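Summary of structural features
So you can see what is in the structure, the chains are spelled out below.
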Amino acid sequence: MVAVVGWVAAAGVEFMFLAFTDYCPPDRCSADRAATAVMLSVSAAAVCALVGAVCTIACLVRRRLAWPFATATLVLSVGAELFGVVGYFAAVGY
């Protein structure tokens, strides 16, 4: 649940970055690369959250240890979003 809420918040922030990129000089900025970085990171974090949630629920149903899957889900989702933010700033030249 924390990974999903974090994904929604980070996706909103990244889309706001894209929406308010008002000036992008072509010599040091690429709006296409910025959009690609954001879309890939949001998609990767969503896939991580979905797969992690399914694995965690499956472990809970089987009454197995589930916290490693939940922790890995959160860490991988946050990592994917951070790569997206870094990719965005690298693409727009800040």
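Because the structure is a prediction, the values reported are computed rather than measured. (Residues numbered from 1 in each chain as written. Predicted model: local features only at pLDDT ≥ 70, side-chain atom pairs only at ≥ 80, totals over all residues. Heavy atoms only, no water.)

With that settled, the discussion passes to the state of the cysteines. Applying the stated criterion across every chain, the model contains 0 disulfides. Here C59 is not disulfide-linked; the sulfur of C55 is the nearest cysteine sulfur, at 6.8 Å. (Disulfide = S-S within 2.5 Å.)

A few words on the environment of A72. Tracing the chain through its elements places A72 in helix α3 (residues 67-92). Owing to a relative accessible area of 36%, A72 belongs among the partly exposed residues under this scheme. Separated by 65 residues in sequence, A72 and W7 place their C-alpha atoms 14 Å apart. (Helix = DSSP H or I, 4+ residues; strand = E, 2+ residues; numbered from the N terminus. Buried < 20%, exposed > 50% of the residue type's maximum accessible area, 1.4 Å probe, protein only.)

Moving on to the confidence of the model for the protein chain. Mean pLDDT over the protein chain: 88, with 100% of residues reaching 70 or higher. Mean pLDDT values over the elements of the protein chain span from 83, in helix α1 (residues 2-19), up to 92, in helix α2 (residues 31-61). (pLDDT = per-residue confidence, 0-100.)

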